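Close look at the chain arrangement
Spelled out, the chains give:
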Amino acid sequence: MTLTDREEEILEALWGELVEEKNQSCDISVLKDDEVIKKLADLDYVEIKNNQIKLTNKGKDEAKNCVRRHRLAERLFVDVLDIKKGLVHEASCKFEHLLHKGLDENVCILLGHPKTCPHGRPIPEGNCCKDAKRIPKKLIMLLSELELDKKATISHLETQDKVMLQKIIAIGALPNTGIKLIQKFPSYVFQIGKSQFAIDKELASCIYVRII
Amino acid sequence: MAIDYKGPVEYSIELAIEKICELLKASYFISKRSVTLLLLQDDEEIKEMVRKSEGEAINKIDEVVKEAKSHFANPITYELALERQNEVRLIIEKTVNIKKEVLRASERLSQLTMNPITGIPILLFVLYWGLYKFVGQFGAGTVVNFLEGTLFDKYLSPFFIKIAAHIIPWKILQELFVGEYGVITLGIRYAVALILPIVTFFFIVFSIIEDTGYLPRLAMLIDRIFKKIGLSGRAAIPVVLGFGCATMATMVTRTLPTKRERIIATMLLSLAIPCSAQMGVILALLGGNPKAMLIWAGIVGLIFLFVGYLTSKILPGERPSFYMEVPPLRMPSVSNVITKTFARVKWYFIEILPLFLLASIFIWLGMLLHIFDFLVGLLKKPVELIGLPPEASTAFLFGFFRRDYGAAGLYDLNKQGLLNGTQLVVSCVALTLFLPCIAQFLMNIKERGWKTGLGISAFILFFSFSVAYVVNFILTRLGVIL
């Protein structure tokens, strides 16, 4: 079930106090009769003993996601929507609750997996951030972007210019062929099989390669 | 062997081939299948041929081609190439064993020649030792001095003059053979003692460079610069050959892919590339004067780039593209180099000897009928304008009969001490840029057509004197003493 805005905010506050500040527990004597706290306890997000509150494992996960959504929202407002810093927190507080189920990942990807919020606090990693780390930055790239002496195969050719295409075909630079870039300047020199070829920038920009 | 072309499941290339083959009624010099495949790849020549022999049916064929194309995201040429490559890969997998190869030393050297940081010094090294030292100083200097100065001037010419005086009673006929511009004393002397050694030495160097596989590496090094003047690295070969014989190089411009590149290359070969004979004489003239040599090379190099840049801006057409196989570097074999050099020198010599003799006869006739006096007189004014002694006009006029002839004429003037440093530079610049020799003039017309050929020549006539005038003006005003 979805939590209310207020429930999420309390979880966020607890994340800050307990996880980031590394306090053992938090005194809630002032709030002990608060309905929201009681509900969180019923849902098994928090444990309350002697006015001291702790996050359960389930609660930690949920709190982490709430914080992540809030800080991503802040980043979005500052980096993309250019909202003044003073207003950021307020706007984000409202906006974060909309970033549910995959929407936060889209924002995270859009922003390039930022590591901190505009106030410098860490943004907890989502699954998308872990994936982005595991997979090398780019699998398919222009031949001109390939590192020298790195083995790759040609993935595809991209040109509608028949004459250029014929030239590339004549060289034998066809998809699934192994290719190694030997030099980039003043012309592109690469090896295919036992042969080396030199081509200019225009032809090189038609060839896409995949790193092996 | 035929490949069964597949394509997407719902539509195979074979289906299109079948449909078109049925529509083709006439017979062709290649199989209907080949014609069909070329039609599918939009081959204009074949399409024109089919249009002529099939008439109305071409429209139906066009429809099938269009339908086929609609099933593919890529041009059909590409699809066919992919399928062919697949077939080739299958065959190779079954039949070929590839051994692992160790990185050889030649591969290291190859990379050094292609990297601009090391490649440009290597290029300069090759030019300095190959062209300047070997062809210029040794070939055009030492060897020519011996052949011309010792062999001809001391022994052969006096010998023939004596014989002619004995057996030919008429003074005029004596002049034809052994006079100042005689067939033997000028024609044969220039051909054998001047041109032959220079060209031989050039071809030795060219054959060695060619056999090492250095030329494609040079092409890739200069491609970027050549793009600025509307050419591609591919034009490196005619341009380098132009340092041997511009006439031959103009013929080789046929290997350039577009008309635009061919025109630009022809223009530059006629204008700013000195041929080996000329180069030999120019090196001999300026060899003792490094500063003058540098100024000459700088001006000619600038003109080369400037005119190339302008021409490429004016001429319409597509930008050239560059692709070339880079073969492994190899040690040239002595016997190959000798065979090639011999064949080239022989071809060249047989081609130019009659021209030299003919030129001598023309000059003799012209002298006799005072035509040349008239033409030389006409040239005197422009020659004086560019600050040269009037005698130089003879060199320019004769230069047209053979570009190197003119250079050799200057060489004679210099030997008589008639030219100072500035005048040497100005005359070398003018002569390098001046109208191509008659052989190249004819070749320009033959390869590029009347209009372009004549246009190029007219431009060069005007341009060479203008540049020489400006150079003389600047050098004199600045008071440069060379």
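Attention here is on the structure that accompanies the text. Starting from 1, residues in each chain are numbered consecutively following that chain's sequence as written. Labels are handed out in written order, letters beginning with A for the chains and numbers beginning with 1 for the ligands. Residues qualify for local features only when their pLDDT is at least 70, as the model is predicted, and side-chain atom pairs are given and counted only at 80 or more; totals for whole chains, interfaces and linings, by contrast, use all residues. Hydrogen atoms and water are omitted, and side-chain values are computed over all heavy atoms in the structure.

**Focus on the interface of chain B and chain A**
Two residues qualify as a contact provided that any one of their heavy atoms is within 4.5 Å of a heavy atom in the partner residue. Counting residues at the interface gives 32 residues for chain B and 30 residues for chain A. Of the roughly 2,700 Å² buried at the junction of chain B and chain A (both faces included), carbon and sulfur atoms supply 53%. Between Lys or Arg on one side and Asp or Glu on the other, a salt bridge is scored when a side-chain nitrogen of the former is within 4 Å of a carboxyl oxygen of the latter. Taken together, chain B and chain A are joined by three salt bridges. Here R319 of chain B makes a salt bridge to E202 of chain A, at a shortest N to O gap of 3.3 Å. For the side of chain B that touches chain A, the secondary structure elements donating two or more residues are α5 (76-95), α6 (105-114), α10 (214-228) and β1 (323-326) of chain B. The numbering of helices and of strands both runs from the N terminus, where a helix is a DSSP run of H or I of at least 4 residues and a strand a run of E of at least 2. It is α5 of chain B that provides the largest number of residues to the side of chain B that touches chain A, a total of six residues. Pairing of strand β8 (residues 195-199) of chain A with β1 of chain B, which is carried by four bridges, proceeds in the antiparallel orientation. Residue pairing across strands places A198 of chain A opposite M324 of chain B, the latter belonging to β1 of chain B. By definition, the buried area sums, over both parts, the 1.4 Å-probe accessible area that each loses when the two are put together. Should DSSP find at least two bridges between two strands, the strands are taken to pair.

**Re the packing of helix α1 (residues 13-23) of chain B against helix α2 (residues 32-40) of chain B**
Between two packed helices, the angle of one axis relative to the other and the distance separating the axes together describe the packing. Residue and element names in this part refer to chain B. Across the interface, α1 lies against α2 with an axial gap of 9 Å and an inter-helix angle of 115 degrees. With respect to each other, α1 and α2 are oriented roughly perpendicular. In this structure, α1 crosses over α2, and the sense of that crossing is right-handed. Mapping the contact onto sequence places I13, E14, A16, I17, I20 and C21 in α1 and K32, R33, T36, L37, L39 and L40 in α2. Amino acids outside the nonpolar list (Ala, Val, Leu, Ile, Met, Phe, Trp, Tyr, Cys, Pro) and the charged list (Asp, Glu, Lys, Arg) are all regarded as polar, and Gly is one of them. Residues that form the contact of α1 with α2 fall into these classes: eight nonpolar, one polar and three charged. Here the axes come from fitting lines to C-alpha atoms, over the contacting stretch only for helices, and the angles between their N-to-C directions go from 0 to 180 degrees. For classification purposes, angles smaller than 35 degrees are called roughly parallel, those larger than 145 roughly antiparallel, those between 65 and 115 roughly perpendicular, and all remaining angles oblique. Helix crossings are classified by the rotation of the near helix relative to the far one: an anticlockwise turn of less than a right angle makes the crossing left-handed, while a clockwise turn makes it right-handed.

**Brief notes about the pairing of strand β2 (residues 46-49) of chain A**
Residue and element names in this part refer to chain A. The pairing of β2 with strand β3 (residues 52-55) spans four bridges and is antiparallel. By the bridge assignment, E47 is partnered in β3 with K54. Linking β2 to β3, which pair antiparallel, is a turn of two residues; within it N50 sits at a positive phi near 50 degrees.

**Quick look at the pairing of strand β7 (residues 188-192) of chain A**
Residues and elements named next belong to chain A. Each residue gets one of three labels from its accessible area relative to the maximum for its type: buried under 20%, exposed over 50%, partly exposed in between, using a 1.4 Å probe on protein chains only. Among the five residues that make up β7, four are buried, leaving the element largely enclosed by the rest of the structure. Pairing of strand β6 (residues 178-183) with β7, which is carried by three bridges, proceeds in the antiparallel orientation. By the bridge assignment, Q183 is partnered in β7 with V189. Connecting the antiparallel pair β6 and β7 is a turn made up of four residues. When β7 meets β8, the two strands line up antiparallel, connected through five bridges. Across the sheet, residue Y188 finds its bridge partner in β8, namely I199.

**A word on a nonpolar patch on the surface**
All names here are of chain B. A patch is a set of surface residues, each over 30% in relative accessible area and not in a salt bridge, joined within 9 Å for like charges and within 5 Å for the nonpolar side chains Val, Leu, Ile, Met, Phe, Trp and Tyr. Per-residue and other accessible areas were derived by the Shrake-Rupley procedure at a 1.4 Å probe size, with only the shown protein chains allowed to occlude residues. Together, I172, L358, I361, F362, L365, L368, L369 and I371 line one region of the surface with nonpolar side chains, adding up to about 690 Å² of accessible area. The element contributing the most residues to the nonpolar patch is helix α16 (residues 334-368), with five residues. When you line up the elements, L365 lands in helix α16. Classification of L365 by relative accessible area gives partly exposed; the value is 34%.

**Some words on the pattern of salt bridges**
All names here are of chain B. Applying the stated criterion to the full structure yields 23 salt bridges over all chains. Here R189 makes a salt bridge to E148, at a shortest N to O gap of 2.6 Å. Of the two residues, R189 is situated in helix α9 (residues 183-212) and E148 in helix α7 (residues 116-167); the sequence distance between them amounts to 41 residues. For the residue pair R189 and E148, the accessibility class agrees, reading buried in each case. For E210, the salt bridge identified is with K340, shortest N-O distance 3.0 Å.

**Here's the deal with the sheet that holds strand β5 (residues 151-157) of chain A**
Ordered by their spatial adjacency, seven strands build an open sheet running β4(A)-β9(A)-β5(A)-β6(A)-β7(A)-β8(A)-β1(B), and the pairing between neighbours is antiparallel. Both edges of this open sheet fall to β4 (140-142) of chain A together with β1 of chain B, since each of them pairs with a single strand only. Averaged over all neighbouring strand pairs, the angle between strand axes comes to 40 degrees, with direction disregarded. As paired strands, β5 of chain A and strand β9 (residues 207-211) of chain A are joined by five bridges and run antiparallel to one another. Its bridge partner lying in β9 of chain A, H156 of chain A is registered against Y208 of chain A.

**Digging into helix α22 (residues 450-477) of chain B**
Residues and elements named next belong to chain B. In a regular helix each residue adds 1.5 Å, so 28 residues correspond to 40 Å; α22 covers 40 Å between its end C-alpha atoms and thus fits that length. Where α22 is concerned, the buried positions are G453, I456, S457, I460, F463, S464, F465, V467, A468, V471, N472 and L475. Phi for G479, located one or two positions after α22, is positive at around 65 degrees. To estimate the expected span of a helix, count its residues, drop one, and scale the result by 1.5 Å.

**Regarding the packing of aromatic side chains**
Classification of ring pairs uses Phe, Tyr and Trp, with its six-membered ring standing for Trp, and accepts pairs whose centres are within 6.5 Å; under 30 degrees between planes counts as stacked, over 60 as edge-to-face, and the remaining range as tilted. Taken as a whole, this structure holds 15 aromatic pairs over all chains when the rule is applied. Taken together, a centroid distance of 6.2 Å and an interplanar angle of 20 degrees make the contact between F134 of chain B and F138 of chain B stacked. You can see F134 of chain B and its partner F138 of chain B sitting in helix α7, four residues apart, about one turn around the helix. Take F138 of chain B: its relative accessible area is 37%, and that puts it in the partly exposed class. Relative to F304 of chain B, the ring of F226 of chain B lies with its centre 6.1 Å away and its plane at 50 degrees, an arrangement referred to as tilted. Of the two residues, F226 of chain B sits in helix α10 while F304 of chain B sits in helix α15 (residues 290-314), which places them 78 residues apart along the sequence. For the pair shown, F226 of chain B and F304 of chain B are each scored as buried. An aromatic cluster of three or more residues is present, and its members are Y128, W129 and Y132 of chain B. Only Lys NZ and Arg CZ are tested; either one counts as a charge over a ring when it is within 6 Å of the ring centre and within 35 degrees of the ring normal. Over the ring of Y45 of chain A we find K58 of chain A, and its NZ or CZ is 4.8 Å from the ring centre.

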